[in-house]
Amino acid sequence: MALIHSCEKSGNWLFKHRGVVPVFVFLVCSPVLLCTFSFWNYWMYSTGTVIAVTILAALVSLAGMAVRAYTIGATPRGTSGRNTGKQVAKQLNTKGIYSIVRHPLYLGNYLMWLGLLIFIMDFPFLVVVSLVYWLYYERIMFAEERFLEREFGQQYLDWSMTVPAFWPKFRQFEKGDVPFHFKSVLRREYPGFMAITLCFTLVDYIRAILCAWMLPEGLFTMSWLRPSAIICLIVAIIVLVLRYLKHNSSILAPEENRD
């Protein structure tokens, strides 16, 4: 098998599992790292530094969610789908956020995970995971672009020559034809919101337990109701409400020409 076909085949396989593999890797790796480098780094930081880093991490992850929300809320049917069975593209979208970056959803994903990596406070881990992320999604992007090239030919090639794959070129933004639909975001993005919130909460509790364990009777005096748990509970309630509305009412029903 030629290398180009091998890369496309592996990219399509990763595309089908793109929602599962990153979470699995994080859940496997983060507890080990939190018990080593991350824990000792955290122990040496002042309270003010920890708060500042936490705020920065949350803002970066929220920026990633905002990128995904804008992409999904202002893109017509046939693009930016959550399909996993196969590549789908009924039309080539070149306006809106797609006028400044070819893969905005993957950019949004990276920013969400980058916020979590900042929160872990382990720079070597951040670098390693960023490299793994790039290698992982590079294959997926390769497979997607091979598909789009076959579907749209020269139209795709002309667009791809002027729009960067991952890092936006803001000065060439062109307003899209589709108005922003907030209901599309609410209907489609709550699983990712819940997942990243759970990951932040998991990291916070693992770190708190490790820090308390180092102190005399620390685990007995530790407050188990942490702010992260309260936030996670609030998000979980919101997610349950959105899920109920999606499946049991017409409030979040798709708009015309939407997903």
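Once a new chain begins, its residue numbering starts again from 1 and follows that chain's sequence as written. Local features in a predicted model are, by the rule used here, given only for residues with pLDDT of at least 70; side-chain atom pairs are given and counted only at 80 or more, and totals for whole chains, interfaces and linings are based on all residues. As a rule here, side-chain values cover all heavy atoms of the structure and leave hydrogens and water aside.

A. A look at the overall build of the chain. Only DSSP runs of H or I reaching four residues or more are called helices, and only runs of E reaching two or more are called strands; each is numbered from the N terminus. Across its full length, the chain carries 10 helices and zero strands. Overall, the chain shows an N-to-C arrangement of helices and strands of α-α-α-α-α-α-α-α-α-α. Each residue gets one of three labels from its accessible area relative to the maximum for its type: buried under 20%, exposed over 50%, partly exposed in between, using a 1.4 Å probe on protein chains only. Classification of the 259 residues of the chain by burial places 45% in the buried group. A contact between two residues is defined here by any heavy atoms of the two lying within 4.5 Å. Nonlocal contacts in the chain, meaning residues at least 24 apart in sequence, comprise 82% of its contacts between residues at least 6 apart. As displayed, the chain offers around 14500 Å² of accessible surface, 70% of which is attributable to carbon and sulfur atoms. Each accessible area is a Shrake-Rupley estimate made with a 1.4 Å probe; only the visible protein chains count as cover when residues are assessed.

B. Region of the structure containing the side chain of Ser-61. Within the element layout of this structure, Ser-61 appears in helix α4 (residues 47–73). You can call Ser-61 buried: its relative accessible area is 2%. Definition of a polar contact: a pair of N or O atoms within 3.5 Å, with one able to donate and the other able to accept a hydrogen when the atoms are protein atoms, and with sequence-neighbouring residues admitted only if both atoms are side-chain atoms. Here the side chain of Ser-61 touches Met-112 through a polar contact of 2.8 Å, landing on its backbone oxygen. Those residues in contact with Ser-61, other than ones at most four positions away along the chain, are Leu-111, Met-112, Gly-115, Leu-116, Ile-196 and Phe-200.

Distances and angles like these do not, on their own, reveal function.
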